[in-house]
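# Residue-level structure breakdown
Letter by letter, the chains look like this.
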Amino acid sequence: MEEKRSSLLHNISKVISDFFNPLVSLLIFFISMSIKEYSPKDSLLYFLPILLMVIVPVIIWLIWNVKTGRYTNMDVSNRIQRKTLYIFIAVCVIAYLIFNYIRNGYLDLVMLFILILLFALQISNLFIKSSMHTAFNVFTAALFFTLDWKTGLFWLGIAVLVGITRVILKRHTVKEVFMGAGIAFLVSFIYLYCNIQFQH
């Protein structure tokens, strides 16, 4: 009976962890923001470049590297393997930031802070394998907070849940989850401060 309960907990944790991976969480935010902030046409013009220049290439990169054996799994649990993932995502985000600046004449604050979070996690990765799942869900909570504080709090609850699942699945230690959350809280605080400043 205990084994069945343990197996059920493991399966539920896997579903939560897999669904609320960084790409899906950010995708949900971008779709929500596009619907709330823009007209259908402007929404497509804003979201499509992010989808084509960042999200789709990262998914293809992950699948290709797992299939060729360069990455152990889609989570990229191995700290050494993560280096190339961070670099690839950073290149995609930088390419988008340049494209958006040339096309619209401004720096996309959300994507800029995603890049900052990536760099912070990369630096942390040299010493400890910080939880990307936890970090990006904490940051997604901050992003949602700018749209609606209730959704932001709800997503913070999801981030806590995701952090717990990462420990249950033995993908991270408690220390690594706290490190990811701590980095994300710091980056999120700076992002929210900048967001308020730019609105005034």
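Note: the structure precedes this text.
Now for a look at the structure at hand. Bear in mind the structure is a predicted one, so any value in this text is a computation, not a measurement.

## With respect to the overall build of the chain
Looking only at helices and strands, one finds 8 helices and 0 strands in the chain. Along the chain, helices (α) and strands (β) appear in the sequence α-α-α-α-α-α-α-α when read from the amino end. Here the C-alpha atoms of the chain give a radius of gyration of 17 Å, agreeing with the 16 Å that 2.2 N^0.38 yields for 200 residues. Principal-axis analysis of the C-alpha atoms places the extent of the chain at approximately 55 × 40 × 30 Å.

## Notes on the packing of helix 4 (residues 79-104) against helix 5 (residues 109-125)
Put simply, helix 4 and helix 5 touch, their axes get as near as 10 Å, and they point 160° apart. On the basis of their axis angle, the class for helix 4 and helix 5 is roughly antiparallel. Relative to helix 5, helix 4 is oriented so that their crossing is left-handed. Facing Arg79, Arg82, Lys83, Tyr86, Ile87, Ile89, Ala90, Val93, Ile94, Tyr96 and Leu97 of helix 4, the residues of helix 5 in contact are Met111, Leu112, Ile114, Leu115, Leu118, Leu121, Gln122 and Asn125. Per-class residue counts for the contact of helix 4 with helix 5 are 14 nonpolar, 2 polar and 3 charged.

## Section: a nonpolar patch on the surface
Judged by side-chain polarity, Leu44, Leu48, Leu52, Val56 and Ile60 come together as a nonpolar surface patch covering roughly 440 Å² of accessible area. Within the element layout of this structure, valine 56 appears in helix 3 (residues 40-67).

## As for the environment of aspartate 18
Mapped onto the fold, aspartate 18 is located in helix 1 (residues 2-19). By relative accessible area, which is 36% here, aspartate 18 ends up partly exposed. Taking the C-alpha atoms as reference points, aspartate 18 and asparagine 78, 60 residues apart in sequence, are found 17 Å from one another.

The rules we used
Residues numbered from 1 in each chain as written. Predicted model: local features only at pLDDT ≥ 70, side-chain atom pairs only at ≥ 80, totals over all residues. Heavy atoms only, no water. Helix = DSSP H or I, 4+ residues; strand = E, 2+ residues; numbered from the N terminus. Rg over C-alpha atoms; globule rule 2.2 N^0.38 Å. Axes fitted to C-alpha atoms, helices over the stretch in contact; angles between N-to-C directions. Parallel < 35°, antiparallel > 145°, perpendicular 65-115°, else oblique. Left-handed = near helix turned anticlockwise from the far one by under 90°. Contact = heavy atoms within 4.5 Å. Nonpolar A, V, L, I, M, F, W, Y, C, P; charged D, E, K, R; others polar. Patch = residues over 30% accessible without salt bridge, like charges linked within 9 Å, V, L, I, M, F, W, Y side chains within 5 Å. Areas by Shrake-Rupley, 256 points an atom, 1.4 Å probe, with all protein chains shown as cover. Salt bridge = Lys/Arg side-chain N within 4 Å of Asp/Glu carboxyl O. Buried < 20%, exposed > 50% of the residue type's maximum accessible area, 1.4 Å probe, protein only.

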